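Tertiary structure, described
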Amino acid sequence: MINQLSIFTENAKGAMLKVSKTVSDAGIDIYNVVTNDSAEFGIVRMLVTEPERALDILTDAGYMCKLDKVIGVEIPDDVGSLTTLLDTIRICNINIDYLYVSYSRDSKTPLAVLKVSGYAEVEASLNSRGYRTI
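How each quantity is defined
The residue count restarts for each chain, going from 1 along the sequence in the order it is written. Local features are withheld for residues below a pLDDT of 70 in this predicted model, meaning they are given only at 70 or higher, and side-chain atom pairs are given and counted only at 80 or more; totals for whole chains, interfaces and linings count all residues. To obtain the side-chain values, all non-hydrogen atoms of the structure were used and water was disregarded. Per the convention used, a helix needs a DSSP run of H or I reaching at least four residues, while a strand needs a run of E reaching at least two, with both numbered from the N terminus. Throughout, the radius of gyration refers to the C-alpha atoms, and the reference size of a globule is 2.2 Å times the residue count to the power 0.38. Think of it in three bands: residues with accessible area under 20% of the maximum for their type are buried, residues over 50% are exposed, and the middle band is partly exposed, with areas taken using a 1.4 Å probe on protein chains only. Stacked, tilted and edge-to-face pairs are distinguished by plane angle, under 30 degrees for stacked and over 60 for edge-to-face with tilted covering the rest, among Phe, Tyr and Trp rings (Trp via its six-membered ring) whose centres lie within 6.5 Å. Two limits define a charge over a ring: the Lys NZ or Arg CZ must be within 6 Å of the ring centre, and within 35 degrees of the ring normal. Here a cavity denotes a set of grid points, spaced 1 Å apart and computed over the protein atoms alone, in which a 1.4 Å probe fits but from which it cannot get out, and a pocket denotes an open set meeting protein on both sides within 12 Å along at least five of seven lines; residues with an atom within 4 Å of a point are reported as lining. Grid points are joined across faces, edges and corners, and a volume is the space filled by probe spheres set on the points. Residues were grouped as follows: Ala, Val, Leu, Ile, Met, Phe, Trp, Tyr, Cys and Pro as nonpolar; Asp, Glu, Lys and Arg as charged; and all remaining residues, including Gly, as polar.

1. Focus: the overall build of the protein
Looking only at helices and strands, the protein has four helices and six strands in total. Helices and strands appear in the protein in the N-to-C order β-α-β-β-α-β-α-β-β-α. By the compact-globule yardstick of 14 Å for 134 residues, the protein fits well, its C-alpha radius of gyration being 16 Å. Its C-alpha atoms give the protein principal-axis dimensions of roughly 45 × 30 × 30 Å. Scored against the burial criterion, the 134 residues of the protein give a buried share of 41%.

Shown next as structure tokens:
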């Protein structure tokens, strides 16, 4: 499992820059960032080198943040590999809260990042079907 940092920020010009600068000024590397917005606020989800430290730094800077456990699933860099993973998840009767695709620097492959319930069971199900999870 991976610790993902979720940051709640205003939906305004420069807001993402402030978050990124706060993290990078602390010497923390951002591996991945995904943003979602609404009319008034945004949710920034990040995978970073030091998630607990980033949480503390951003909280001290006035941001409302939390750490979430997510599962990284390496998938081949081929057409249809995400579809195949999603079909496997369906067969395993797993509900996905949300998903995004990133890139694993270690394995140099796409990485599907999943927020699910029952992490141990999900990892076991996917591993038994040949997927490598992080």
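2. What to know about unusual backbone geometry
Backbone geometry at N93 places phi at a positive 60 degrees, although glycine is not the residue there. Note that N93 resides in the loop between α3 (81–91) and β5 (96–104). We note that K108 has phi near 55 degrees; this positive angle belongs to a residue other than glycine.

3. Here's the deal with the packing of aromatic side chains
Considering all chains together, one arrives at zero aromatic pairs under this definition. The ring of Y98 has R45 sitting right over it, with the charged end atom 3.9 Å from the ring centre.

4. Thoughts on the layout of surface pockets
Size it by volume and the largest pocket reaches roughly 310 Å³. In this structure, the largest pocket is lined by 15 residues; those nearest its centre are I2, Y31, L47, D106 and L111. Only β1 (2–10), β2 (30–37), β3 (41–48) and β5 provide two or more residues apiece to the lining of the largest pocket. With three residues, β5 is the largest single contributor of residues to the lining of the largest pocket. A per-class count over the lining of the largest pocket returns eight nonpolar, five polar and two charged.

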